[in-house]
Amino acid sequence: MLNDNIQVPATVSISPGRVSGNVYAPASKSSMQRACAAALISKSISRIYNPGISNDDMASLHVIRLLGAKVSRQDNGSLLVDSSEAQAAKDLQINFGESGLGIRMFTPIAALNKFPVKITGEGSLLCRPMYFFDEVLPQLNVQVKSSQGRLPIEISGGLVPKDITIDGSLSSQFLTGLLFAYAAADAQDVTITVNNLNSRPYIDLTLKVLQDFGLRVPVNNDYKSFHFTSSQCAPPGEVHYTVEGDWSGAAFLLVAGAVAGNITVKGLDTFSAQADKKILEALMDAGCSMSVRENEIEISAAAGLKAFQINATDCPDLFPPLVALASFCTGKSVIEGVHRLAHKESDRAKTLMEEFSKLGVNISLQDNLMIVEGLQQVRSAQVHSHNDHRIAMACAVAALRAGGDVIIEQADAVKKSYPAFYRDLEMLRVK
Ligand SMILES: O=C(O)C1=C[C@@H](OP(=O)(O)O)[C@@H](O)[C@H](O)C1
Ligand SMILES: C=C(OP(=O)(O)O)C(=O)O
């Protein structure tokens, strides 16, 4: 009912060429999925404007419905979420599709109800580690049965917020889930202590969304602990929330502009908490000509892009667009944070090396560093997304400066975050 289905072919061919014009950033799935969670736990009425339509967004809407929220689309395109009487059904089975954030954020929330819940997923999610739940949820009163730290998982019990210490090095998403669950349970005078937290800006986004929805927000002690105080918190009223434009998807558009055009990307908030606005640092370091204005960025292909260096440990999703950019920067660009890439939709360091080598780009690894040697032009080739949306988009952008067509197999992986990606790229193309 809510899925604005955009058809994306399984194989896409991208011809080299220039891009020009204006484009709107897609809705951020990080912002949209958090909005869904916040709307559910608010036990109130929320209006979500600029809702996302990606597969991950759809998975989150599906989940909040299963957990008892009523969701309807309004004539102006916004979503009305009524969770005032939300009650999860008995014997629930939740399929999170391929969404890592979805499963890690909603599992602790689903664990708040005392009935057993079976948690499943599809595709790449089946291979991603979930052992955090086996280790942590039992300490919060939840029984967990997993398949050696992988899906499917069965939980039951009724989560009780307690002082707890967790490890945040694998993913920030588990902490996001606990923060939502603790807020939903109106946790008071309890602390989540976190060791080695990575992807910190994503936690800023979580705290921001909790605040925007009038929910209980913990005190952040330098990302080492999050303390829910015992202060009184008024029950949330009706909330109007606008989903932010997506810096992660827009990073591909900005790189397309930097290597092959003159485009303006609209709908991006430079004050956003999103991790991936850090793409601007790489673009500036590479010598792009850019004009950053309120809510839009104009970028054009500069002659003589130069190699850049960046630490992407806390914004791991930027690796694919950074590699596409580095492919056209003279010299060796260095991207730090390779260790963060192993457990995404694909093992991204490996898949970037494999697919970009087909395009003639030399990428090497030195422990936590990825080194990319730039060229003037990449090769025409047939590449494969490995069912990873960001690999498909990185290859498509690189194809704009290829010697001939680049064919992308399993190109429809983009539906996970940015279903309109190829349509937007074609719309920008100089005919
Ligand atoms: O919270 C989020 O919205 C996300 C957090 C990041 O994951 P990690 O915390 O696992 O790095 C990021 O890679 C993912 O695409 C979205
Ligand atoms: C890793 C990603 O998402 P998730 O972890 O939410 O599946 C991504 O979008 O690149």
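Conventions adopted
- Residues numbered from 1 in each chain as written.
- Chains lettered and ligands numbered in written order.
- Predicted model: local features only at pLDDT ≥ 70, side-chain atom pairs only at ≥ 80, totals over all residues.
- Heavy atoms only, no water.
- Helix = DSSP H or I, 4+ residues; strand = E, 2+ residues; numbered from the N terminus.
- Rg over C-alpha atoms; globule rule 2.2 N^0.38 Å.
- Buried < 20%, exposed > 50% of the residue type's maximum accessible area, 1.4 Å probe, protein only.
- Areas by Shrake-Rupley, 256 points an atom, 1.4 Å probe, with all protein chains shown as cover.
- Expected span 1.5 Å × (residues − 1).
- Polar contact = N/O pair within 3.5 Å; in protein donor to acceptor, adjacent residues only side chain to side chain.
- 1 Å grid on protein atoms, 1.4 Å probe; cavity = no way out; pocket = protein on both sides within 12 Å on 5 of 7 lines; lining within 4 Å.
- Points joined across faces, edges and corners; volume = space filled by probe spheres on them.
- Nonpolar A, V, L, I, M, F, W, Y, C, P; charged D, E, K, R; others polar.
- Pairing = 2+ DSSP bridges.
- Axes fitted to C-alpha atoms, helices over the stretch in contact; angles between N-to-C directions.
- Contact = heavy atoms within 4.5 Å.
- pLDDT = per-residue confidence, 0-100.
- Near = heavy atom within 4 Å.
- Domains from an automatic or database assignment.

Concerning the overall build of the chain
- Within the chain, the regular secondary structure consists of twelve helices and 23 strands.
- Over its C-alpha atoms the chain spans a radius of gyration of 21 Å, differing by no more than 12% from the 22 Å that the globule rule assigns to 431 residues.
- Its C-alpha atoms put the chain at 60 × 50 × 35 Å along the principal axes.
- Across the 431 residues that make up the chain, the buried fraction comes to 57%.
- Only carbon and sulfur atoms are counted for the fraction: they give 47% of the accessible area of the chain, which is about 16,300 Å².

A word on helix H7 (residues 247-260)
- Over its 14 residues, H7 extends 19 Å from the first C-alpha to the last, a length consistent with the 20 Å expected when each residue adds 1.5 Å.
- Most of H7 sits inside the fold, with 14 of its 14 residues counted as buried.
- By the N-cap criterion, in which a side-chain oxygen at the helix start approaches the backbone nitrogen of a residue two or three places on, H7 is capped by Asp246, the distance to Ser248 being 3.2 Å.

Some details on the layout of surface pockets
- Each pocket or cavity is described by its volume, and for the largest pocket that value is around 350 Å³.
- Mapped by element, the contributors of at least two residues to the lining of the largest pocket are helix H1 (29-41) and helix H3 (100-110).
- In terms of residue class, the lining of the largest pocket is made up of eleven nonpolar, two polar and two charged.

Focus: unusual backbone geometry
- The residue after Leu151, namely Pro152, is reached through a cis peptide bond having omega -5 degrees.
- Looking at the element boundaries, Pro152 is found in strand E9 (residues 150-156).
- In this structure, Asn141 is a non-glycine residue whose phi angle is positive, near 85 degrees.
- In this fold, Asn141 is placed in the loop between helix H4 (131-136) and strand E8 (143-147).
- If you check the backbone angles, Gln410 has positive phi at about 50 degrees while not being a glycine.
- Tracing the backbone shows Gln410 in the loop between strand E23 (406-409) and helix H12 (421-428).
- On the basis of relative accessibility, which here comes to 32%, the residue Gln410 falls in the partly exposed class.

Observations regarding the sheet that holds strand E13 (residues 225-228)
- The mixed open sheet is built from four strands, whose spatial order is E10-E11-E13-E12. Two strands lie at the open edges of the sheet, namely strand E10 (164-167) and strand E12 (219-221), each paired on one side alone. Pairs of neighbouring strands in the sheet enclose a mean axial angle of 20 degrees, with direction left out of account.
- Pairing between E12 and E13: three bridges, direction antiparallel. Considered in E13, the bridge of Asn221 is made with Ser225.
- The sheet strands contacting helix H5 (residues 173-184) are E10, strand E11 (190-195) and E13, and the helix crosses E11 at an angle near 180 degrees.

Concerning the pairing of strand E1 (residues 11-14)
- Only one face of E1 is covered, namely the one carrying Val12 and Ile14; the face carrying Thr11 and Ser13 has none of its residues buried.
- For E1 and E23, the ladder comprises four bridges, and the chain directions are antiparallel. Residue pairing across strands places Thr11 opposite Glu409, the latter belonging to E23.

Quick notes on the confidence of the model for the chain
- Of the residues in the chain, 99% reach a pLDDT of 70 or more, and the chain-wide mean stands at 97.
- Two numbers describe this predicted complex: its pTM, 0.98, and its ipTM, 0.99.

A look at the site of ligand 1
- Ser30, Arg34, Leu101, Ser171, Ser172, Gln173, Ser199, Tyr202, Pro316, Asp317, Arg340 and Lys344 make up every residue found near ligand 1.
- Take Arg34: an N or O atom from its side chain is 2.7 Å from an oxygen atom of ligand 1.
- Lys344 places a polar side-chain atom, nitrogen or oxygen, 2.9 Å from an oxygen atom of ligand 1.
- When the residues that make up the shell around ligand 1 are grouped by side-chain class, the tally is three nonpolar, five polar and four charged.
- Taken together, domain 1 (11-27 + 244-428) and domain 2 (29-227) each give at least three residues to the shell around ligand 1, which thus spans both.

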